[in-house]
Amino acid sequence: MAILGTAGSIDIAVIKAGYNDWFSDFPGEFAAVVDAARARGARTIVWLTYNEDVSGDTPRRAYQENNVDLRRLVASPAYDDVILADWLGYSTGQRGWFWDGIHAGRTGSYATTDYLSRWIAAIEHRLCPRPWVVGGPVPARCPPPDAVGAVPDPVGIWS
């Protein structure tokens with residue numbers, strides 16, 4: 001597992017993985033990843049929900065089931081250090097971000113990086129890394145991006 005091979009300690013672990021693990025023991029794999037992050041010192045684990053807007057009934061069903069499991073697991077007191085970032089909700093309808101519903105194109109890469117940087121800023125009670133719109137104000141305390149919604153121009157705000 002990549003987390004255990006990481007040198008040093010981790011403060012915040014971000015998990016956006018598992019898209020190739022269809023119909024596996026997702027709850028067991030979730031627990032193993034969380035345990036590994038904790039073993040490396042993570043005090044917060046941010047786990048992104050799975051994008052369900054994909055082609056193919058089989059992957060869509062697998063991601064839907066994983067999202068159901070994620071919501072149930074994160075609601076447990078055993079995982080009070082895990083934050084569920086609603087990537088599904090945030091990225092829904094953003095077809096230009098992905099070339100197949102999962103893999104990001106150029107705009108999607110900017111959007112993913114922006115999303116994660118905003119989550120980290122929100123967790124750390126910091127300034128947002130960028131405004132939500134080109135030329136707009138930078139919030140003094142960054143809210144979780146799920147509370148605001150997708151940035152309309154992820155490439156523009158970082159250019």
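Bear in mind that the values here come from a model prediction, so they are computed numbers and not experimental data. (Residues numbered from 1 in each chain as written. Predicted model: local features only at pLDDT ≥ 70, side-chain atom pairs only at ≥ 80, totals over all residues. Heavy atoms only, no water.)

A. Structural context of the sheet that holds strand β2 (residues 44-48). Strand order in the open sheet made by the three strands is β1-β2-β3, with parallel pairing throughout. If you trace the sheet from one side to the other, it starts and ends with β1 (12-15) and β3 (82-85), each paired once. Within this sheet the neighbouring strands show an average axis-to-axis angle of 20°, counted without direction. Pairing between β2 and β3: four bridges, direction parallel. Within β3, the residue paired with leucine 48 across the bridge is alanine 85. Each of β1, β2 and β3 is contacted by helix α4 (residues 106-123), which is oriented at about 140° to β3, the strand it contacts most. (Pairing = 2+ DSSP bridges. Helix = DSSP H or I, 4+ residues; strand = E, 2+ residues; numbered from the N terminus. Axes fitted to C-alpha atoms, helices over the stretch in contact; angles between N-to-C directions. Contact = heavy atoms within 4.5 Å.)

B. Molecular detail of the layout of surface pockets. Volume-wise, the largest pocket comes out at about 250 Å³. Ile3, Ile15, Ala17, Val33 and Trp47 are the residues nearest the centre of the largest pocket, which is lined by 16 residues in total. Among the elements of the structure, β1 and α1 (26-39) are those that each provide at least two residues to the lining of the largest pocket. For the lining of the largest pocket, the element with the most residues is α1, which contributes four residues. (1 Å grid on protein atoms, 1.4 Å probe; cavity = no way out; pocket = protein on both sides within 12 Å on 5 of 7 lines; lining within 4 Å. Points joined across faces, edges and corners; volume = space filled by probe spheres on them.)

C. Focus on unusual backbone geometry. The phi dihedral of histidine 125 is positive, around 55°, even though this residue is not glycine. By the element assignment, histidine 125 lies in the loop between α4 and α5 (145-148).

D. Representation of the packing of aromatic side chains in the model. For the structure shown, the criterion picks out 15 aromatic pairs. The structure contains a cluster of three or more aromatic residues connected by ring pairs, namely Tyr19, Phe26, Phe30, Trp47, Tyr50, Tyr63 and Tyr79. Taking the ring centre of tryptophan 132 as reference, the NZ or CZ of arginine 118 above it sits at 3.9 Å. (Phe/Tyr/Trp six-rings, centres within 6.5 Å; stacked < 30°, edge-to-face > 60°. Lys NZ or Arg CZ within 6 Å of the ring centre and 35° of its normal.)

E. The arrangement of α1 in detail. Look at α1: 20 Å from first C-alpha to last across 14 residues, which is about the 20 Å you get at 1.5 Å a residue. Taken together, the buried positions of α1 are Phe26, Phe30, Ala31, Val33, Val34, Ala36 and Ala37. Looking at the buried side of α1, the elements it contacts are β1, β2, α2 (57-74) and β3. Immediately downstream of α1, the backbone of glycine 41 shows phi near 100°, a positive value. (Expected span 1.5 Å × (residues − 1). Buried < 20%, exposed > 50% of the residue type's maximum accessible area, 1.4 Å probe, protein only.)

F. Structural context of the packing of α1 against α2. For the pair α1 and α2, interaxial distance at closest approach is 10 Å and the crossing angle is 50°. Between α1 and α2, the interaxial angle falls into the category oblique. Remark: the crossing between α1 and α2 carries right-handed chirality. Facing α1, whose interface residues are Phe26, Pro27 and Phe30, α2 presents Asn66, Asp69, Leu70, Arg72, Leu73 and Val74. (Parallel < 35°, antiparallel > 145°, perpendicular 65-115°, else oblique. Left-handed = near helix turned anticlockwise from the far one by under 90°.)

G. Main features of the side chain of glutamate 52. Among the secondary structure elements, glutamate 52 is positioned in the loop between β2 and α2. Here glutamate 52 sits buried without a salt bridge, and the closest side chain of opposite charge, arginine 71, lies 4.9 Å off (N-O distance). A distance of 2.7 Å separates polar atoms of two side chains, one belonging to glutamate 52 and the other to asparagine 67. Setting aside its immediate chain neighbours within four residues, glutamate 52 contacts Arg60, Tyr63, Gln64, Asn67 and Leu88. (Lys, Arg positive; Asp, Glu negative; His and termini not counted. Salt bridge = Lys/Arg side-chain N within 4 Å of Asp/Glu carboxyl O. Polar contact = N/O pair within 3.5 Å; in protein donor to acceptor, adjacent residues only side chain to side chain.)

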